[in-house]
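Residue-level structural notes
Each chain, letter by letter, is given below.
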Amino acid sequence: MTSDPARPFGRLLTAMVTPLAEDGSIDLAGAQELAAHLVDRGGSDGLVVLGTTGESPTTSDAEQRAVLEVVLDAVGDRATVVAGVGTYDTAHSIEKARTAAELGVHGLLVVTPYYNRPPQAGLLRHFTSIADGTDLPVMLYDIPIRTATPIEVETLVRAAEHPRIVAVKDAKGDLGAMAWTLARTDLAYYSGEDMLNLPILAMGGVGMVSVVSHLVGPRLVELIAAVEAGDLVKAREINDSLLPVYTGIFRTQGVITVKAALNALGLPAGPVRPPLVDATPEQLAQLRDDLAAGGVTL
């Protein structure tokens, strides 16, 4: 866990997959094992549980509670556990936030409401209402490719006035908007798009919420350290070496390829839930080639 206010959730948070059994049920023992692996050997000082990569849209509230319980039991004493609680329904999101808080999580990830496409005033009320619902710090998740609605700079400036809205997971790909938000707020920025890890860090980001950290966490820790030390030459070298990994994992949905890679490595993952589909043999072969080019052998 972190005590650094500049990095309220830590430096490297893995957007953890939710391991499933072959029948599609939640593999709770696997979730504990994977969480411990990511924290104890994978370089993560935090985990985002039940985000998009955790297949939150297709897990029930009861399943999500059970996953949070076992992950907290496994690593809650030595890593920041952030629960994904955002939905397109403000009331439901508040309920999920309160449940997560009761379980003892350390923070909340709140995605922009998707599908119903609220205006910016609706986004602001949604975010502040959830932040009002508990005493936990909140990371907003800005990913318009999934939600259809970006969080505009003015909305982020207003949201940052709330004492518990302290960070942004940025997957918007708008570095100009990020620069303006950093200039006008104290929000901590976390890269939410692995291909942009280096530029976001170089512009003032404090860390990342990563999918590829399931496989290359220690190298991402080195990347963060190089940027913090001002050694951008080393940072570029590390980032260049990771480009095939970034590309390979995101040829399709990250959860599909990461689960395929974890399964190949003998780590808990299992299948994905419909409407997602598991990697095909051809996709797995391409993934092996991509990861090998990035120094990861399946």
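Rules behind the numbers
- Every chain begins its residue count from 1, and numbering advances along the sequence as written.
- Reporting in this predicted model follows two pLDDT cut-offs: at least 70 for local features of residues, and 80 or more for side-chain atom pairs to be given and counted; totals over whole chains, interfaces and linings ignore these cut-offs and use all residues.
- Excluded from the side-chain calculation are hydrogens and water; included are all heavy atoms of the structure.
- One bridge is not enough; two strands pair if DSSP finds at least two bridges between them.
- By definition, any uninterrupted DSSP run of H or I lasting at least four residues is a helix, any uninterrupted run of E lasting at least two residues is a strand, and each is numbered from the N terminus.
- The axes are straight lines fitted to the C-alpha atoms, using for helices just the contacting stretch, and the angles between their N-to-C directions are given from 0 to 180°.
- Note on contacts: a residue pair is in contact if any heavy atoms of the two residues lie within 4.5 Å.
- Any pair of Phe, Tyr and Trp rings, taking the six-membered ring for Trp, is counted once the centres come within 6.5 Å. Such a pair is stacked with planes under 30 degrees apart, edge-to-face with planes over 60 apart, and tilted for the rest.
- Only protein chains enter the accessibility calculation, which uses a 1.4 Å probe; a residue whose area is less than 20% of its type maximum is buried, one above 50% is exposed, and one in between is partly exposed.
- A crossover gets the label right-handed when its path from the first strand over the helix to the second runs clockwise, viewed with the strands pointing away from the viewer.
- UniProt positions are given in the numbering used here, feature names are shortened, and annotations may be inferred rather than shown by experiment.
- Grouping buried Ala, Val, Leu, Ile, Met, Phe, Trp, Tyr and Cys residues that are joined through side-chain atoms within 4.5 Å yields what is termed a nonpolar core.
- Any angle that is under 35 degrees is reported as roughly parallel, and any over 145 degrees as roughly antiparallel; angles of 65 to 115 degrees are reported as roughly perpendicular and all others as oblique.
- Two helices that cross are described as forming a left-handed crossing if the nearer one is turned anticlockwise from the farther one by less than a right angle, and a right-handed crossing if clockwise.
- Ten residue types, Ala, Val, Leu, Ile, Met, Phe, Trp, Tyr, Cys and Pro, are classed as nonpolar, four, Asp, Glu, Lys and Arg, as charged, and the remainder, Gly among them, as polar.
- Contacts described as polar in this section are N or O atom pairs within 3.5 Å, which, within protein, must combine one atom able to donate a hydrogen with one able to accept it, while residues neighboring in sequence count only if both atoms come from side chains.

Taken in spatial order, the eight strands line up as β1-β2-β3-β4-β5-β6-β7-β8 and close into a barrel, and their pairing is parallel. Taken over all neighbouring pairs, the strand axes of this sheet differ in orientation by 25° on average, direction set aside. Where strand β1 (residues 12–16) and strand β8 (residues 207–210) come together, three bridges link them in parallel fashion. Bridge pairing links leucine 12 to methionine 208 in β8. Set on the sheet, helix α4 (residues 120–133) makes contact with β4 (107–111), β5 (138–142) and β6 (165–170); between it and β4 the angle comes to about 160°.

Let us look at the packing of aromatic side chains. Applying the stated rule across the entire model yields two aromatic pairs. Ring centres 5.1 Å apart and planes at 55° place the aromatic pair tyrosine 88 and tyrosine 114 in the tilted group. Here the residue tyrosine 88 occupies a position in the loop between β3 (80–84) and α3 (90–103), and tyrosine 114 occupies one in the loop between β4 and α4, the gap between them amounting to 26 residues. Since its relative accessible area comes to 45%, tyrosine 88 is described here as partly exposed. Classification of tyrosine 114 by relative accessible area gives partly exposed; the value is 27%.

A word on the pairing of strand β7 (residues 188–191). Here β7 shows no split at all, with Ala188 and Tyr190 on one side and Tyr189 and Ser191 on the other all buried. With respect to chirality, the unit in which β6 leads through helix α7 (residues 175–184) into the neighbouring parallel β7 is right-handed. Bridge count between β7 and β8: two bridges; the pairing is parallel. From the neighbouring strand, tyrosine 190 faces β8, where its bridge partner is glycine 207. As a crossover connection, the stretch from β7 through helix α8 (residues 197–202) into β8 is right-handed.

This chain's UniProt record puts "site: Part of a proton relay during catalysis" (unreviewed entry) on Thr52 and Tyr115. Its place among the elements puts tyrosine 115 in the loop between β4 and α4. Look at tyrosine 115 and you get exposed, because its relative accessible area is 73%. Each residue touching tyrosine 115, except ones within four places of it in the same chain, is listed here: Tyr88 and Thr147.

Counting residues in each nonpolar core, the largest one holds 95 residues, and the members touching the most others are Val71 and Val75. Beyond its immediate chain neighbours, meaning those up to four positions away, valine 71 contacts Met16, Ala31, Ala35, Leu47, Val49, Gly76 and Val81.

Next up on the list: the packing of α3 against α4. Across the interface, α3 lies against α4 with an axial gap of 9 Å and an inter-helix angle of 30°. Between α3 and α4, the angle falls in the class roughly parallel. The chirality of how α3 crosses α4 is right-handed. The residues of α4 that touch α3, namely those facing Thr90, Ser93, Ile94, Ala97 and Arg98, are His126, Ser129, Ile130 and Gly133. Looking at the contact of α3 with α4 residue by residue, the class counts come to three nonpolar, five polar and one charged.

With that settled, consider the side chain of threonine 134. Summarising the element assignment, threonine 134 is placed in the loop between α4 and β5. Owing to a relative accessible area of 7%, threonine 134 belongs among the buried residues under this scheme. Looking at threonine 134, its side chain comes within polar contact range of the main-chain nitrogen of leucine 136, at 3.0 Å. Setting aside its immediate chain neighbours within four residues, threonine 134 contacts Ala97, Arg98, Ala101, Leu108 and Arg164.

Attention now moves to the environment of aspartate 174. With respect to the secondary-structure elements, aspartate 174 resides in the loop between β6 and α7. The exposure class assigned to aspartate 174 is partly exposed, which follows from its relative accessible area of 37%. In this structure the C-alpha to C-alpha distance between aspartate 174 and proline 150, which are 24 residues apart in sequence, comes to 9.8 Å.

Moving on: the environment of valine 209. Structurally, the position occupied by valine 209 is in strand β8. In the structure, valine 209 is positioned 25 residues away from lysine 234 in sequence and 21 Å away in space, judged by C-alpha atoms. The contact partners of valine 209, leaving out residues within four places of it in the chain, are Leu13, Ala15, Val48, Met139, Lys169, Tyr190, Ser191 and Gly192.

This part takes up the pairing of β6. Where burial is concerned, most of β6 is hidden: five out of the six residues are buried. In this sheet, β6 lies alongside β5 in parallel orientation, the contact comprising five bridges. Considered in β6, the bridge of methionine 139 is made with alanine 167. Alignment of β6 against β7, held across four bridges, turns out to be parallel. Looking at the pairing, lysine 169 lines up with tyrosine 190 of β7.

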